[in-house]
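Structure at a glance
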Amino acid sequence: MSFFKQVANTAPLDYISPPFPSLYWPFPVQGYQANYLYYARDVWRYTLTWTLIFYGAVHIVASGYAVALQWRNWKIIWVAPVLYAVVGGIEAVIAGSVVGGL
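Here helix 1 (residues 40-69) is 30 residues long and its end C-alpha atoms lie 43 Å apart, about the 44 Å a rise of 1.5 Å per residue gives. Among all positions in helix 1, only Asp42, Tyr46, Leu48, Thr51, His59, Ser63, Ala66 and Val67 are buried. Looking at the buried side of helix 1, the elements it contacts are helix 2 (79-101).

Right, dumping it as structure tokens:
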């Protein structure tokens, strides 16, 4: 049994995966612009991408704060952003895969 198993093919015949970054634009620039994801792999990819973006941003801000507070210890403080980025990336991949896989 596959993780990305699809139950029923309800996608329209001319369906293509919507372009990144958004599925829905709330401001009516060119009328109603809602896009839908029909395949589990598309849902997983969008969820993982946005989770990586948000987790990355939060961890970079947190590492900047850590660097600002510990600047006197400049010989080893450069490790903080690298460590935060690696930990944030691992957390994002796990969280994005779990949520996107549901």
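Here the narrative resumes, following the displayed structure.
Our focus in this paragraph is the side chain of Ser63. Its location among the elements puts Ser63 in helix 1. The class of Ser63 is buried, set by a relative accessible area of 3%. Among the polar contacts made by the side chain of Ser63, one reaches the main-chain carbonyl oxygen of Ile60 at a distance of 2.9 Å.

About the thresholds
- Residues numbered from 1 in each chain as written.
- Predicted model: local features only at pLDDT ≥ 70, side-chain atom pairs only at ≥ 80, totals over all residues.
- Heavy atoms only, no water.
- Helix = DSSP H or I, 4+ residues; strand = E, 2+ residues; numbered from the N terminus.
- Expected span 1.5 Å × (residues − 1).
- Buried < 20%, exposed > 50% of the residue type's maximum accessible area, 1.4 Å probe, protein only.
- Contact = heavy atoms within 4.5 Å.
- Polar contact = N/O pair within 3.5 Å; in protein donor to acceptor, adjacent residues only side chain to side chain.

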